[in-house]
Number of protein chains: 2
Amino acid sequence: MGDRAQQELLLARAYLAAVAEPPAPALAGFVAAQGACRAAAIVRRGNAPPAVMSEVDARREHVSGEALLAAAEEVGARLVVPEDPEWPGEVLDALSGARSVGLSGLAEPIALWVRGRAGLGGLLEQAVAVVGARAASGYGEHVAAEFGHGLAAADFTVVSGAAYGIDGAAHRGALGAPRPTVAFLACGVDVDYPAGHSRLLRAIAETGAVVSEYPPGAAPRKHRFLARNRLIAASGRATVVVEAGPRSGAANTAHTADALGRPVLAVPGPVTAQNSVGCHAMVRSGMAVLVTSTEEVLEVINPLGARPSAEVPRPMRRTDGLHPDARRLHDSLSGMDGASADELARDCGLPLGRVRALLPELELSGLAIRSEGGWSVKRS
Amino acid sequence: MGDRAQQELLLARAYLAAVAEPPAPALAGFVAAQGACRAAAIVRRGNAPPAVMSEVDARREHVSGEALLAAAEEVGARLVVPEDPEWPGEVLDALSGARSVGLSGLAEPIALWVRGRAGLGGLLEQAVAVVGARAASGYGEHVAAEFGHGLAAADFTVVSGAAYGIDGAAHRGALGAPRPTVAFLACGVDVDYPAGHSRLLRAIAETGAVVSEYPPGAAPRKHRFLARNRLIAASGRATVVVEAGPRSGAANTAHTADALGRPVLAVPGPVTAQNSVGCHAMVRSGMAVLVTSTEEVLEVINPLGARPSAEVPRPMRRTDGLHPDARRLHDSLSGMDGASADELARDCGLPLGRVRALLPELELSGLAIRSEGGWSVKRS
């Protein structure tokens, strides 16, 4: 594509991305069918089909692609479009698929504003979403940071929403590992929201990316968080929920991931606090798989590379591996001190012959000792 | 049955219960086939089939039914046998069923020693097992006490093992409600084990029952805890596990309940501690259902009386129930102060006509207010 054609395309996509409030299923379908430049021209002229017009009517004469691109340049952001090699098509195609089967709330983005130099496609090639409540507990933030770090160390990009609480902890955990992390915002990529995370957002953009559907300067709005959540859900091979109260945006992300066919994983917590109510409900309903560690997340998203599902590690005992009869005899030995084979047989209820055969075995294994007073257990 | 026949039966069962170390599948099957008095006579003579003989050989000349019954009377215990009306056949029949299909570790008890006046059958008519780790956390003990109390208040007998930690907390919680509680021991019902629970055991026996397969004076042995666990698992309509570490007897009880076809329910906890590792593993493997409250336990064991599965209660907001467009407009109003319908349409992306129609609706609902400067959100 020539420089000029490329510039025209960017102008068209910048215009189209801002002219309707995402998700804009009619416009997204129209752009997919017509191509961006043609769709932009038709929308600008007011000639689009009614469903598209109702999405674009309020803004079509008030948006300027030129002004948006200039504003982006000023704040060090760029527009990434589906025609770019770095467009994360593999993950976002799930959204156009969802739109085309009528899940209109999940329409694909028309373009994405990006702050950060790393290529978006590469970043999202293998990614995991880690989300959760803003009003997180110390426990939740600790676990989110552990998961964020563990996933990044296992070479998965941690995707989240840069909010206070779980999101921030997950990003921070990931920043401690070499693999970069990606934040999707519900406002412009130049808007420091939440304000207390401006330093965090800068750190994320330095090696990873801060991404948004909304143009530079756009303010966060409640429904934008829901719209933004679909991008997080689509970006992760799985969505891990760490703490979600009874009314949590994280539950919305989880439902979207589920609707997109991506596994939902939930971390449990104390039942005495409200913070994990949402996680427990997701496990109980069967929507989410309970996970307690990064390894268990990796088992789900990376089944080929996974080790066999880890048995709960059990501390070994010296009597492990003994025949049940031998263990029963050893139990009796432990409860008596200096006993004859006869007394032991009565105590444990095994036939005398069996006891006589087992005692030397236990002695050889270093578990029993014979003395003048009779048989006793040998302590390690 | 005459007094004399009844006495003979008690003597035979007292002898048979002690002559083999439980679970004694061959002897249990032999007694079921021959009847207790006949079986006792044959065993005493040494004429039983080889499988039975190997279970009884060590003790058959050393056990006296008379002595055991006398010892029981001395400590205020009685022997309950399958021929008694108070025998909890409905729940224990699951064990004879398991034995007859070859699950020999689950053989039924031949008789039960009971301390406490309440009839055992009535106590176990509707019961729930609550079990867990001895080395419980404060969190685990708190939850066990809550569940114990909640289940007893809902008129379910709490069955447990009287151990330190979860068991004790569950019994204590139940003792605070009118419904009695039942403890199964791995030693004689007169043996205060653990020593620190002698007062608790007395309190349990006062209104409920302390029960054991082992005769008065019998000492606890490791394998007896496992054998005892099958009685707990069989007694409960469901088994609730509150905290189980990587190597917990509670996991054994849970597996037994599962093998008997009784639901297993597990309470989650922090993933940062070892105490809930076993509970989480049971949920992950699909063996256990995650539960966070007594109500959720009742839903499982009492599906007929259950209210429909409780949705997570969500705090209400004033904008709940609004059309999504109205909510989107309200979002914009919240972000602006004194805006025209035109400005609002551009901000939220809705067609101007729609905005003009929605604003009066929001005003009527008390969510928007019109002033000289334009439209604003109305705070409650």
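Please read all numbers here as calculations on a predicted model, not as lab measurements.

Points about the relation of the copies chain B and chain A
Here is step 1: At an RMSD of 0.1 Å, chain B and chain A line up after a rotation of 180 degrees and a shift of 0.0 Å along the axis. Seen this way, the second copy is the image of the first under a two-fold rotation axis. Considering only C-alpha atoms, the part of chain B nearest the rotation axis is Gly-269 of chain B, at 2.3 Å.
Here is step 2: Interface residue correspondence from chain B to chain A reaches 100%, placing this contact among same-surface, isologous pairings.

A look at the UniProt feature "domain: Smf/DprA SLOG" (unreviewed entry) in chain A
Here is step 1: The positions UniProt marks with the feature "domain: Smf/DprA SLOG" (unreviewed entry) are residues 106-301 of chain A.
Here is step 2: Secondary structure over residues 106-301 of chain A splits into 42% helix and 17% strand, and the C-alpha atoms at its two ends are 22 Å apart.

Points about the pairing of strand 10 (residues 368-371) of chain B
Residues and elements named next belong to chain B.
Here is step 1: Note that strand 10 and strand 11 (residues 374-377) share four bridges and pair antiparallel. Bridging across to strand 11, Ser-371 finds its partner in Gly-374.
Here is step 2: Counting the residues that bridge the hairpin from strand 10 to strand 11 gives two residues.

Focus: the packing of helix 2 (residues 25-34) of chain B against helix 3 (residues 36-45) of chain B
Residue and element names in this part refer to chain B.
Here is step 1: Following both chains from N to C, one finds helix 2 and helix 3 inclined at 125 degrees, their axes separated by 7 Å at the closest point. Relative to helix 3, the element helix 2 lies oblique. Between helix 2 and helix 3 the crossing geometry is right-handed. Contacts between helix 2 and helix 3 involve Leu-27, Phe-30, Val-31 and Gln-34 from the first element and Ala-36, Arg-38, Ala-39, Ile-42 and Val-43 from the second.
Here is step 2: In the contact of helix 2 with helix 3, the residues fall into seven nonpolar, one polar and one charged.

Brief notes about helix 16 (residues 341-348) of chain A
Here is step 1: Regarding helix 16 of chain A, the residues found buried are Ala-341, Leu-344, Ala-345, Asp-347 and Cys-348 of chain A. Axial view of helix 16 of chain A: buried residues confined to an arc of 165 degrees, hence all on one face.
Here is step 2: Where helix 16 of chain A is buried, its residues meet helix 15 (324-335), helix 17 (352-364) and strand 11 (374-377) of chain A together with helix 11 (222-235) of chain B.
Here is step 3: Backbone geometry just downstream of helix 16 of chain A places Gly-349 of chain A in the positive-phi region, at approximately 80 degrees.

Considerations on the domain arrangement of chain A
Residue and element names in this part refer to chain A.
Here is step 1: Per the domain assignment, the segments of chain A are domain 1 (1-66), domain 2 (75-301) and domain 3 (324-377).
Here is step 2: Taking the mean C-alpha position of each, domain 1 and domain 2 sit 27 Å from one another.
Here is step 3: For the pair domain 1 and domain 2, the summed buried surface comes to about 1,500 Å²; carbon and sulfur atoms form 68% of the total.
Here is step 4: At the boundary of domain 1 with domain 2, the tally comes to two salt bridges.

Concerning the interface of chain B and chain A
Here is step 1: Taken together, the contact pairs 51 residues of chain B with 51 residues of chain A.
Here is step 2: Carbon and sulfur atoms supply 56% of the area buried between chain B and chain A, which totals about 4,500 Å² over both sides.
Here is step 3: The largest contributions to the chain B side of the interface with chain A come from Arg-221, Arg-247 and Arg-284 of chain B, which together make up 18% of the buried area.
Here is step 4: The tally of links from chain B across to chain A stands at six salt bridges.
Here is step 5: Close ionic contact of Glu-296 of chain B with Arg-284 of chain A constitutes a salt bridge, the shortest N to O distance being 3.4 Å.
Here is step 6: The interface formed by chain B and chain A holds 15 residue pairs in polar contact (both at pLDDT 80 or more) in total.
Here is step 7: Breaking the side of chain B that touches chain A down by element, the ones donating at least two residues are helix 4 (50-56), helix 8 (138-153), helix 11, helix 13 (277-285), strand 9 (288-290), helix 14 (294-301), helix 15 (324-335) and helix 16 (341-348) of chain B.
Here is step 8: Residues belonging to the side of chain B that touches chain A are distributed by class as follows: 23 nonpolar, eleven polar and 17 charged.

Focus on a positive patch on the surface
Here is step 1: Together, Arg-134 and Lys-222 of chain A together with Arg-317, Arg-318, Lys-378 and Arg-379 of chain B make up a positively charged patch on the protein surface.
Here is step 2: Its relative accessible area of 45% is what places Arg-317 of chain B among the partly exposed residues.

Here's the deal with the packing of helix 15 of chain B against helix 16 of chain B
All names here are of chain B.
Here is step 1: Close contact between helix 15 and helix 16 brings their axes to 9 Å; oriented N to C, the two are set at 110 degrees. As summarised for this structure, helix 15 and helix 16 are arranged roughly perpendicular, according to the angle between their axes. Here helix 15 runs over helix 16; the crossing is right-handed. For the pair helix 15 and helix 16, the contacting residues are Arg-328, Leu-329, Ser-332 and Leu-333 in the first and Leu-344, Asp-347 and Cys-348 in the second.
Here is step 2: Here the contact of helix 15 with helix 16 is composed, by residue class, of four nonpolar, one polar and two charged.

Quick notes on the packing of aromatic side chains
Residues and elements named next belong to chain A.
Here is step 1: Overall, the coordinates contain two aromatic pairs over all chains when judged by the stated rule.
Here is step 2: With a centroid separation of 6.0 Å and 55 degrees between ring planes, the pair formed by Tyr-193 and Phe-225 is classed as tilted. With Tyr-193 in the loop between strand 5 (181-184) and helix 10 (198-207) and Phe-225 in helix 11 (residues 222-235), this residue pair connects regions lying 32 residues apart in the sequence.
Here is step 3: Judged by its relative accessible area of 35%, Tyr-193 is partly exposed.
Here is step 4: Between the NZ or CZ atom of Arg-44 and the centre of the ring of Tyr-15, over which it lies, the distance is 4.2 Å.

Thoughts on unusual backbone geometry
Here is step 1: Cis rather than trans, the peptide bond between Pro-22 of chain A and Pro-23 of chain A has omega equal to -10 degrees.
Here is step 2: Inspection of the secondary structure assignment puts Pro-23 of chain A in the loop between helix 1 (3-19) and helix 2 (25-34).
Here is step 3: Despite not being glycine, Ala-162 of chain B has its phi angle at roughly 60 degrees, a positive value.
Here is step 4: Within the element layout of this structure, Ala-162 of chain B appears in the loop between strand 4 (157-160) and helix 9 (166-175).
Here is step 5: Although it is not a glycine, Glu-243 of chain B sits at a positive phi angle of roughly 65 degrees.
Here is step 6: On the basis of relative accessibility, which here comes to 2%, the residue Glu-243 of chain B falls in the buried class.

What counts as what
Residues numbered from 1 in each chain as written. Chains lettered and ligands numbered in written order. Predicted model: local features only at pLDDT ≥ 70, side-chain atom pairs only at ≥ 80, totals over all residues. Heavy atoms only, no water. Least-squares fit on C-alpha atoms with pLDDT ≥ 70 in both. Contact = heavy atoms within 4.5 Å. UniProt positions renumbered as here; feature names shortened; annotations may be inferred. Helix = DSSP H or I, 4+ residues; strand = E, 2+ residues; numbered from the N terminus. Pairing = 2+ DSSP bridges. Axes fitted to C-alpha atoms, helices over the stretch in contact; angles between N-to-C directions. Parallel < 35°, antiparallel > 145°, perpendicular 65-115°, else oblique. Left-handed = near helix turned anticlockwise from the far one by under 90°. Nonpolar A, V, L, I, M, F, W, Y, C, P; charged D, E, K, R; others polar. Buried < 20%, exposed > 50% of the residue type's maximum accessible area, 1.4 Å probe, protein only. Arc of directions from axis to C-beta. Domains from an automatic or database assignment. Buried area = accessible area lost by both parts, 1.4 Å probe. Salt bridge = Lys/Arg side-chain N within 4 Å of Asp/Glu carboxyl O. Polar contact = N/O pair within 3.5 Å; in protein donor to acceptor, adjacent residues only side chain to side chain. Patch = residues over 30% accessible without salt bridge, like charges linked within 9 Å, V, L, I, M, F, W, Y side chains within 5 Å. Areas by Shrake-Rupley, 256 points an atom, 1.4 Å probe, with all protein chains shown as cover. Lys, Arg positive; Asp, Glu negative; His and termini not counted. Charge placed at Lys NZ, Arg CZ, Asp CG, Glu CD. Phe/Tyr/Trp six-rings, centres within 6.5 Å; stacked < 30°, edge-to-face > 60°. Lys NZ or Arg CZ within 6 Å of the ring centre and 35° of its normal.

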